[in-house]
Amino acid sequence: MNDQTPNIRPVIRQLDTAAVNRIAAGEVVERPASAVKELVENAIDAGARRIGIDVSGGGKTLIRVTDDGCGIAASDLPLALSRHATSKIDGSDLLNIHTFGFRGEALPSLGAVGRLTITSRVPGEPGAEITVAGGVTSTVKPAALNSGTVITLRDLFYATPARLKFLRTDRAEAQAITDVIKRLAMAEPFIRFELRDVTGDPRTVFKTEAQTGNPMAALRARLADVLGGEFAENSIPIDTQREGLHLTGYAALPTYSRGAAVAQFLFVNGRPVKDKLLTGALRAAYFDFLSRDRHPAAALFVDCDPQLVDVNVHPAKSEVRFRDPGLARGLIVSGLRHALAEAGHRASSTVANATLGAMQPEPMAPRVYQMDRPSLGPRGSTGFAEMAQDFSAQVVETPIEVDPTDLPLGVARGQVHENYIVAQTATGMVIVDQHAAHERLVYEKLKRQMAENGVAAQALLIPEIVTLSPGDREALLEIADGLAQAGLGIEPFGGDAIAVRETPAILGEVDASAMVHDILDELSDLGSSQSVQARIEAILSRVACHGSVRSGRRMRGEEMNALLREMEATPHSGQCNHGRPTYVELKLADIERLFGRT
């Protein structure tokens, strides 16, 4: 509540420059990682090919960014510390932006809340230095520097000590800085980055060399440096375009999923963003392959004419707004699904690695001689025929004319525990979960049939009326055509209500009101809704589960081989309907290593 005396009229005052800069710093610089992001982006905009970052105390006591870019002339240094002074735009067109920075706020904001020193040199001129502390700027003086720029920020937020109380531990702030550098390193594979922690004994936290070659090969090598070799090995390249938007990058196979959305990296015109629309599109592309508690891993880059996207909608420029959001979303969903379909039956190699890791040689036991063994008493001899009855295994006799070198999943050689098919390939062996594999095959067949024939809708005898807020009502009616294709028919019903007249027949009796609100929740959270389609495909998944080969069924050799051939020909057959692998491939070299033969 406001306890201000009503008879006293507040006076409007013009804030001084120092106060304005501190307020701006509160928007631009939330934490040390924000300051690092602004300074490194400035180095990239300056054309740097080598960027070094030194931090101390989680960035609270020291941030130093060194680059070999074009530098700042001595005469321009005072202007560089003025608000809204920039060399990157002329102000005539705020949509035609080709650089990371463009507002001219970062340096004066940092100088308002910390102790900032800029040392720079342009080719052919002597080096110069300027300092600013708490908004007070010094005069320019000569400095020794070979080339480029060195920006040193000490005692961040010393001028606004209240902000220090809201920072996290040094370790947490240092981790945030590392995350920022890794994202920028992914965006710029042809630039060398090195991050060092100089608290106490200096140590390198992250380092990646400049890549060479074509952009996709350079990006793959950089992603291997940043995200690890396993991601690069288990991801598929993405390269597609539509109506002026170009989508590139790498997306992991569904079987290489994560327990949280920590490996999703999205970029628009090279700028790292955390955008709800793009994240929702990524999730929608995988929703048919992953359970709700698993998350895809991907590094995706959307490039377009700057006129088609507005990057000036967030103080930290971490969000963007597309002129045609539906086009951007559709490009990501269709591009990823097409690439995943082309991957066919391929599954993540990490599954095989985990399998090999679980296999450990038995420890060497002391030798036991026959005379030391306890007597088992009289017992009839047991032959192989009797043993076969105790174990659910069988050997498949395969015709000699079948050559496993021509078949990716090989030739069936046996079945164990009436659930797992063992096949021989040209380079090793494959173990297939027969139930999970056939379940996926049946599911894909049901989806194709529904896509060809459409989703049957059942008309409600009495339409269900759902009252919504005006905004929710409009949002739902905007996607009414898409919902109708999924079998859900809605129409306006006066006021703030809608009438649900049809529901998907395959779902049977449904709570239409609950379904509508689930759709609205998804629209609010992800910018799109797959709720109806997800429910339909969940039913198809259950139907596929009941209609597939059951665990515990003994299969004939020709049945096993027919299943393997169908897996090779069916997209997404490398994972079951919940994102788990349907087979494990073990290379012969790895098997021989287990037995010490290499």
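Up top is the structure.
Being a predicted model, the structure only gives us computed values, none of them experimental.

Rules used throughout
Residues numbered from 1 in each chain as written. Predicted model: local features only at pLDDT ≥ 70, side-chain atom pairs only at ≥ 80, totals over all residues. Heavy atoms only, no water. Pairing = 2+ DSSP bridges. Helix = DSSP H or I, 4+ residues; strand = E, 2+ residues; numbered from the N terminus. Axes fitted to C-alpha atoms, helices over the stretch in contact; angles between N-to-C directions. Contact = heavy atoms within 4.5 Å. Core = buried A, V, L, I, M, F, W, Y, C linked by side-chain atoms within 4.5 Å. Buried < 20%, exposed > 50% of the residue type's maximum accessible area, 1.4 Å probe, protein only. Parallel < 35°, antiparallel > 145°, perpendicular 65-115°, else oblique. Left-handed = near helix turned anticlockwise from the far one by under 90°. Nonpolar A, V, L, I, M, F, W, Y, C, P; charged D, E, K, R; others polar. Salt bridge = Lys/Arg side-chain N within 4 Å of Asp/Glu carboxyl O.

Trainee: Help me out: how do you make sense of the sheet that holds strand S11 (residues 245–252) in this one?
Mentor: What links the strands of a sheet is backbone hydrogen bonding, and the strands pair in either a parallel or an antiparallel sense. The five strands are arranged S10-S11-S14-S12-S13 in an open sheet whose pairing can be described as mixed. Only two strands of the sheet have a single neighbouring strand rather than two, namely strand S10 (235–242) and strand S13 (271–273). Averaged over all adjacent pairs, the angle separating strand axes in this sheet is 20°, with direction ignored. In this sheet, strand S14 (residues 298–303) lies alongside strand S12 (residues 264–268) in parallel orientation, the contact comprising five bridges. Each residue of the ladder has a partner; that of Val 268, found in S14, is Val 302. Across the sheet, helix H7 (residues 215–227) is in contact with S10, S11, S12 and S14; its angle to S11 comes to roughly 40°.

Trainee: Whenever I open this one, the nonpolar core confuses me. Can you help?
Mentor: It is characteristic of soluble globular proteins that their nonpolar side chains tend to be buried jointly. Membership of the largest hydrophobic core comes to 55 residues, with the highest contact counts inside it found for Val 40, Ile 51, Ile 53, Ile 181 and Phe 193. A total of eight residues in this core trace back to one element, the largest contributor, which is helix H6 (residues 170–187). Ignoring anything within four residues of it in the chain, the contact list for Ile 181 reads Val 36, Val 40, Ile 53, Phe 193, Leu 195 and Phe 206. Ala 285, Leu 300, Leu 327 and Leu 331 belong to the second-largest nonpolar core, a separate cluster that totals 35 residues.

Trainee: Please explain the packing of helix H13 (residues 434–453) against helix H18 (residues 557–569) as it appears in this structure.
Mentor: Think of two packed helices as two axes; the pair is described by the angle between the axes and how far apart they sit. Axis separation between H13 and H18 bottoms out at 10 Å; the angle between their running directions is 50°. If you check the angle between H13 and H18, you find them oblique. You can see that H13 and H18 cross each other, and the crossing is left-handed. Counted together, Gln 434, Ala 437, His 438, Leu 441 and Lys 445 of H13 and Leu 563, Glu 566 and Met 567 of H18 form the full contact between these two elements. Looking at the contact of H13 with H18 residue by residue, the class counts come to four nonpolar, two polar and two charged.

Trainee: Help me understand the pattern of salt bridges, please; the structure alone is not making it clear to me.
Mentor: Two side chains of opposite charge can pair, provided their charged atoms sit close to one another. Tallying each qualifying case throughout the model produces 20 salt bridges. The partner of Glu 491 in a salt bridge is Arg 501, with the nearest N and O atoms 2.4 Å apart. Of this pair, Glu 491 sits in strand S22 (residues 489–492) while Arg 501 sits in strand S23 (residues 497–504), placing them ten residues apart in sequence. Two residues, Arg 553 and Glu 559, come together in a salt bridge whose shortest N-O distance is 2.6 Å. Residue classification places Arg 553 among the partly exposed residues on the basis of a relative accessible area of 34%. The class of Glu 559 is buried, set by a relative accessible area of 19%.

Trainee: How do you make sense of the packing of helix H2 (residues 32–45) against H6 when you look at a structure like this?
Mentor: Two numbers describe how H2 lies on H6: the axes approach to 8 Å, and their chain directions differ by 25°. With respect to their mutual orientation, H2 and H6 come out roughly parallel. Read as a crossing pair, H2 and H6 show a hand that is right-handed. Of the residues in H6, those touching H2 at Pro 32, Ala 33, Val 36, Lys 37, Val 40 and Glu 41 are Glu 173, Ala 176, Ile 177, Val 180, Ile 181 and Leu 184. Counted by class, the contact of H2 with H6 contains nine nonpolar, no polar and three charged residues.

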